[in-house]
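Close look at the chain arrangement
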Amino acid sequence: CSFCSRSAPRTIRIGVEKVAESYGRSFPKTRVISSSSTSPVVNLPPGRNLVVATPNMQPRGSYAAIVLLDAEYLLSRVGLRSDELTLFHWMNSIAHLDNDGDLYISLPNSHPISQGFLRGNFGSYLIQKLHERESAKLPPYFRVAIAKGTIGSLTDLRDYLLSEINQNDFAI
């Protein structure tokens, strides 16, 4: 590595348990709770706690602060709904935030999602996403279907759809 001069590979994502261990060393007088799909914690115990949880696995309770990490990673995952699902999980987490609680998201302030949180309005971000979907011919503007079958049956389906396009206002 030209940055650290190490030759051993380094894991970029270390997992919720390792993050919890690291925070435990950083905050030795604070109880650190780790919650994930493999070891869920259902309810937040009373007292001061530092909770490290994977998306949608945070214990039920009220939080004085929420830190949403790995934002760039979560938003750059491959998939049609990665942004939507990330925002959904974040909103579920934020619903547990105290009214006077603090929120930190590991995104630049200029990112459209950060702007949505700062303004308390995601309208422009969601409109942008809808325009992107329309220009890419994706739902909700276009229907998507996956066809499985033999090469012969798929060829017949393709030929049929192409003939329908010529007769109707369809797009492929």
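The shown structure was predicted, so the numbers you read here are calculated from the model rather than taken from an experiment. (Residues numbered from 1 in each chain as written. Predicted model: local features only at pLDDT ≥ 70, side-chain atom pairs only at ≥ 80, totals over all residues. Heavy atoms only, no water.)

A separate point is the overall build of the protein. Across its full length, the protein carries 6 helices and 4 strands. By the compact-globule yardstick of 16 Å for 172 residues, the protein is too spread out, its C-alpha radius of gyration being 23 Å. Projected onto the principal axes, the alpha-carbon positions of the protein cover approximately 70 × 45 × 35 Å. Restricting to contacts in the protein with at least 6 residues of sequence separation, those with at least 24 account for 41%. Here the protein has roughly 12800 Å² of accessible surface; of this, 56% comes from carbon and sulfur atoms. When the 18 positive and 15 negative side-chain charges of the protein are each reduced to one mean point, those points stand 9 Å apart. (Helix = DSSP H or I, 4+ residues; strand = E, 2+ residues; numbered from the N terminus. Rg over C-alpha atoms; globule rule 2.2 N^0.38 Å. Contact = heavy atoms within 4.5 Å. Areas by Shrake-Rupley, 256 points an atom, 1.4 Å probe, with all protein chains shown as cover. Lys, Arg positive; Asp, Glu negative; His and termini not counted. Charge placed at Lys NZ, Arg CZ, Asp CG, Glu CD.)

This part covers the pairing of strand 2 (residues 49–53). Within a regular strand, the side chains alternate between the two sheet faces. The alternating pattern of strand 2 places L50 and V52 on a buried face and N49, V51 and A53 on a face that is not buried. With 5 bridges connecting them, strand 1 (residues 31–35) and strand 2 associate as parallel partners. When the sheet's bridge partners are listed, R31 is paired in strand 2 with N49. (Buried < 20%, exposed > 50% of the residue type's maximum accessible area, 1.4 Å probe, protein only. Pairing = 2+ DSSP bridges.)

So, about the packing of aromatic side chains. According to the stated counting rule, one finds 2 aromatic pairs in the structure shown. Here the aromatic rings of Y23 and F27 are separated by 6.5 Å at their centres, their planes lie at 65°, and the arrangement is edge-to-face. Among the residues examined, Y23 registers a relative accessible area of 27% and is labelled partly exposed. On the basis of relative accessibility, which here comes to 41%, the residue F27 falls in the partly exposed class. Relative to F122, the ring of F117 has its centre 5.0 Å away and its plane inclined at 90°; by these criteria the two rings are edge-to-face. In terms of burial, F117 and F122 fall into one category: buried. (Phe/Tyr/Trp six-rings, centres within 6.5 Å; stacked < 30°, edge-to-face > 60°.)

Below, the discussion takes up a nonpolar patch on the surface. Together, L154, L157, Y160 and L161 make up an exposed nonpolar region whose accessible area comes to about 330 Å². Counting through the fold element by element, L157 comes out in helix 6 (residues 151–167). Judged by relative accessible area, L157 falls into the partly exposed class, the value being 35%. (Patch = residues over 30% accessible without salt bridge, like charges linked within 9 Å, V, L, I, M, F, W, Y side chains within 5 Å. Salt bridge = Lys/Arg side-chain N within 4 Å of Asp/Glu carboxyl O.)

Attention now moves to the pattern of salt bridges. Using the criterion set out here, one finds 4 salt bridges in the structure. The salt bridge involving E132 is made with K129; its shortest N-O contact spans 3.2 Å. Note that E132 and K129 are positioned in helix 5 (residues 123–135) at a spacing of 3 residues, about one turn of the helix. Salt-bridge contacts for D159 lead to R158; the nearest nitrogen and oxygen are separated by 3.0 Å. A cluster of three or more residues bridged by salt bridges with shared partners is formed by D83, K129 and E132.

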